[in-house]
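# Geometric and topological summary
Read off the chains here:
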Amino acid sequence: MKGSLTILCCFIIGVMTGLFVKLPSFATESDLTLWVLYALIFFVGIGIGGDTTTFAVLKKSNLRIFLIPAAVIVGSLAGAASVSIFLSDISVKDAMAIGSGLGYYSLSSIYITEMRGEVLGTIALLSNIMREIFTLLAAPLLVTWFGRTAPIASAGATAMDTTLPIITINSGKEFSIIALFSGVVLTIAVPILVTFILT
Amino acid sequence: MVEILVIMGVGMVIGYLLREKKALFAAIDRIVMAVIFLLLFVLGVSVGLNETVVESIHIIGVKAVVLTAGAVGGSILCCCLAWRLFFSDTTEVSIHDEMGEQVAHEG
């Protein structure tokens, strides 16, 4: 939660800078963001590769557990695609790209901005931040209404870090390993999904 | 955008090879956070410079809410369905067993 608020602040300060500060042209017209994005992906990869608990969880679980993150992906894409009927100027494909952010707002919004421009990138950022904040706030209700896997689905990729504590508290400790697994798989899946949907 | 996947793959291999160096990963976590803050700031700047976004920010917010509702609702339904269909034999007791925890018996 604190992390996502900091992110939101950075974004808002950036917007203010863009609106009110006269920037030199090299800051606005270069491919700098693309290279920084490459660096980010590289470091994220190192982090995932070096996380020994990730592999321990993957090794321990049987194949069936993949059905949970798979269901989250199918549900998110189908859900985002179907509500795009109400949004006249957002194509099904773009809606699916935003849905495939799975709560991983930093990465997905930067990707979508690179590939589709600022308008869609901003929608992706807001939408995926909302997903995380909603999960944090609504986890107890989700368990009551839809069962103990519901917060894991709602959390998407964030189930491995920011929302893991709240899932553990509300769904129970025995579900935390499923949440962690689902979050890991979905985190790896986000860049792959966004890339495939938008190219 | 294949280069993104290649870069991530190379990173994962390097990370796996260096997995024993714990101090390095604390540093990398901090680098990742800093780079994310920087990127979001830069993203904000490009949004601030983009008149279309600035003029329609309220509409963009509503669209984001609608898409979030769709994605979250769809994933919850799909996940609950998958759980009912394929994990119906996985009661809480058997999860406890898989986790190697003590199972409390009723009665």
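In this text, all values refer to a predicted model and were calculated from it rather than measured experimentally.

Bringing the overall build of chain B into the picture now. Helix and strand counts for chain B stand at 5 helices and 0 strands. When its helices and strands are written in sequence order, chain B yields α-α-α-α-α. Here chain B holds 107 residues, and the buried ones make up 31% of them.

All right, on to the overall build of chain A then. Each helix and strand in chain A was counted, giving 11 helices and 0 strands. Across chain A, helices and strands are ordered from the amino to the carboxyl terminus as α-α-α-α-α-α-α-α-α-α-α. In terms of overall dimensions, chain A is globule-like: its C-alpha atoms have a radius of gyration of 17 Å, near the 16 Å expected for 199 residues. With respect to the principal axes defined by its C-alpha atoms, chain A has extents near 55 × 40 × 30 Å. The buried share of chain A, taken over its 199 residues, is 53%.

With that settled, the discussion passes to the interface of chain A and chain B. Note on interface size: it is often stated as the accessible area lost on association of the parts. Contacts between chain A and chain B engage 78 residues on the former and 66 residues on the latter. Listed by contribution, the elements that provide at least two residues to the side of chain A that touches chain B are helix H1 (2-20), helix H3 (32-50), helix H5 (67-83), helix H6 (92-99), helix H7 (105-116), helix H8 (118-146), helix H9 (150-155) and helix H11 (176-198) of chain A. Ranked by residue count, the leading element in the side of chain A that touches chain B is H3 of chain A, at 16 residues. Per-class residue counts for the side of chain A that touches chain B are 46 nonpolar, 28 polar and 4 charged.

Let us now look at H5 of chain A. The terminal C-alpha atoms of H5 of chain A lie 24 Å apart, and with 17 residues this matches the ideal 24 Å at 1.5 Å per residue to within 8%. Across the 17 residues that make up H5 of chain A, a large majority, 12, are buried. Among the residues making up H5 of chain A, those that are buried are Ile68, Pro69, Ala71, Val72, Ile73, Gly75, Ser76, Leu77, Gly79, Ala80, Ala81 and Val83 of chain A. Those residues of H5 of chain A that are buried lie in contact with H6, H9 and H11 of chain A together with helix H4 (57-86) of chain B.

To characterise two packed helices, one gives the angle between the axes of the helices and the distance between these axes. In contact at an axis separation of 6 Å, H5 of chain A and H4 of chain B are set at 140 degrees when each is read in the N-to-C sense. Here H5 of chain A runs over H4 of chain B; the crossing is right-handed. Across the contact of H5 of chain A with H4 of chain B, the residue classes tally to 18 nonpolar, 8 polar and no charged.

All right, on to unusual backbone geometry then. Trans is the common state for peptide bonds, and a negative phi is the common state for residues other than glycine. Positioned with a positive phi, Leu102 of chain A is a non-glycine residue whose angle comes to about 50 degrees. Judged by local crowding, Leu102 of chain A falls into the buried class, with 30 C-beta atoms found within 10 Å.

Bringing the confidence of the model for chain B into the picture now. Residues and elements named next belong to chain B. Summary statistics for chain B give a mean pLDDT of 79 and a share of 80% for residues scoring 70 or more. Of all the helices and strands in chain B, helix H5 (residues 92-98) carries the lowest mean pLDDT, 47, while H4 carries the highest, 93. Scored below 50 in pLDDT, residues 96-107 shows 7 contacts in the model against residues more than four places distant or in partner chains.

Residues and elements named next belong to chain A. For Asn128, the position within the fold is in helix H8. Considered as a pair, Asn128 and Leu102 are 26 residues apart in the sequence and their alpha carbons are 6.7 Å apart. Asn128 has contacts with Gly101, Gly103, Tyr104, Tyr105, Ser108 and Ser109, leaving out every residue within four places of it along the chain.

Our next topic: H6 of chain A. In terms of burial, H6 of chain A is largely enclosed, as 6 of its 8 residues are buried. Among the residues making up H6 of chain A, those that are buried are Asp94, Ala95, Met96, Ala97, Ile98 and Gly99 of chain A. Lining the buried residues of H6 of chain A we find H5, H7, H8 and H11 of chain A together with H4 of chain B.

This brings us to the environment of Leu67 of chain B. Its place among the elements puts Leu67 of chain B in helix H4. Residue Leu67 of chain B is classed as buried on the basis of its 32 C-beta neighbours within 10 Å. Sequence separation of Leu67 of chain B and Phe37 of chain B is 30 residues, and the distance between their C-alpha atoms is 24 Å. In this view, Leu67 of chain B contacts Ala80, Val83, Ala95, Ile98, Gly99, Ile123 and Ser127 of chain A; residues no more than four positions away in its chain are not counted.

Residue and element names in this part refer to chain A. Axis separation between H7 and H8 bottoms out at 7 Å; the angle between their running directions is 165 degrees. The orientation of H7 relative to H8 falls into the category roughly antiparallel. In terms of crossing hand, the pair formed by H7 and H8 is right-handed. Across the interface between the two elements, Tyr105, Ser108, Ser109, Ile112, Thr113 and Arg116 of H7 pack against Glu118, Leu120, Gly121, Ala124, Leu125, Asn128, Ile129 and Glu132 of H8. Its residues assigned to classes, the contact of H7 with H8 comprises 6 nonpolar, 5 polar and 3 charged.

Conventions we followed
Residues numbered from 1 in each chain as written. Chains lettered and ligands numbered in written order. Predicted model: local features only at pLDDT ≥ 70, side-chain atom pairs only at ≥ 80, totals over all residues. Helix = DSSP H or I, 4+ residues; strand = E, 2+ residues; numbered from the N terminus. Buried ≥ 20, exposed ≤ 12 C-beta atoms within 10 Å, placed from the backbone. Rg over C-alpha atoms; globule rule 2.2 N^0.38 Å. Contact = placed C-beta atoms within 7 Å. Nonpolar A, V, L, I, M, F, W, Y, C, P; charged D, E, K, R; others polar. Expected span 1.5 Å × (residues − 1). Axes fitted to C-alpha atoms, helices over the stretch in contact; angles between N-to-C directions. Left-handed = near helix turned anticlockwise from the far one by under 90°. pLDDT = per-residue confidence, 0-100. Parallel < 35°, antiparallel > 145°, perpendicular 65-115°, else oblique.

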